[in-house]
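# Residue-level structural notes
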Amino acid sequence: VQLQASGGGLVQARGSLRVSCAASGRTRSSRVMGWFRQVPGKEREFVATINKSGVRRDYADSVKGRFTMSRDNTKNTMYLQMNSLKPEDTAFYYCAARHEYETALSYSAEGYSVWGQGTLVTVSS
C-alpha cells in the first residue's frame, strides 16, 4: 500500500485546516492508521491513531480536544481535522499505516510499517 498526504498549508493561529491521506495499492483490507508530526531537528511525534473501522481513536494530549481524526474506508482516505491551531502545531505531518494483520492502536512510530510523505502545516501567530 502507498500513502499520499495532502492539504497542508499556511494558516493563522486559532484557524482550522484539514489534511488528508489517501491510500492506494493493496487496500483490500483496512489498516490501523496514524498521524505523526515532525519539526526539522526534532523527533517524530505521535498525533493521533484510529482503528480499522474508525470507531476507536486516540490523540496526543497536546492536540486532544482540538484535532479530530476520521476515515472513509469507501474512499481509502483518512483525515485530520485541526481546529484552534497554535504556532507550536507547525510541522510536517505524516500519515502512516500498520501492518494489515495488526488490530491495536499504536502510539509509536515503530508500530507503523508504511509512511506517506509529509505535508507541511505552518501556523502563523
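To be clear, the structure that these remarks concern was listed above.
Here's a quick rundown of the structure. Bear in mind the structure is a predicted one, so any value in this text is a computation, not a measurement.

### Quick look at the pattern of salt bridges
Working definition: two side chains of opposite charge can pair if their charged atoms are close together. In the structure shown here, the tally under the stated rule is 6 salt bridges. Here aspartate 89 makes a salt bridge to arginine 37, at a shortest N to O gap of 2.9 Å. With a gap of 52 residues between them, aspartate 89 in the loop between strand E8 (77-82) and strand E9 (91-97) and arginine 37 in strand E4 (residues 33-38) connect regions that are remote in the sequence. Judged by its relative accessible area of 0%, aspartate 89 is buried. Close ionic contact of arginine 98 with glutamate 102 constitutes a salt bridge, the shortest N to O distance being 3.7 Å. On the basis of relative accessible area, arginine 98 is assigned to the buried category, the value being 10%. On the accessibility criterion, glutamate 102 (34% relative accessible area) is partly exposed. Residues joined by salt bridges that share partners form a network here, namely Arg37, Glu45, Arg66 and Asp89.

### Observations regarding the packing of aromatic side chains
Across all of its chains, the model carries 5 aromatic pairs by this definition. Aromatic pair phenylalanine 36 and phenylalanine 46: ring centres 5.8 Å apart, planes at 75°, arrangement edge-to-face. Of this pair, phenylalanine 36 sits in strand E4 while phenylalanine 46 is found in strand E5 (residues 45-50), placing the two residues 10 residues apart along the sequence. Both residues of the pair, phenylalanine 36 and phenylalanine 46, belong to the buried class. Members of the aromatic cluster, each reached through a chain of ring pairs, are Phe36, Phe46, Tyr107, Tyr112 and Trp115. A cation over an aromatic ring shows up here: arginine 44 above the ring of tyrosine 94, its NZ or CZ 3.8 Å from the ring centre. Taking NZ or CZ as reference, arginine 44 lies 4.7 Å from the ring centre of tryptophan 115, over its face.

Scoring rules and cut-offs
Residues numbered from 1 in each chain as written. Predicted model: local features only at pLDDT ≥ 70, side-chain atom pairs only at ≥ 80, totals over all residues. Heavy atoms only, no water. Salt bridge = Lys/Arg side-chain N within 4 Å of Asp/Glu carboxyl O. Helix = DSSP H or I, 4+ residues; strand = E, 2+ residues; numbered from the N terminus. Buried < 20%, exposed > 50% of the residue type's maximum accessible area, 1.4 Å probe, protein only. Phe/Tyr/Trp six-rings, centres within 6.5 Å; stacked < 30°, edge-to-face > 60°. Lys NZ or Arg CZ within 6 Å of the ring centre and 35° of its normal.

Purely geometric numbers; function is a separate question.
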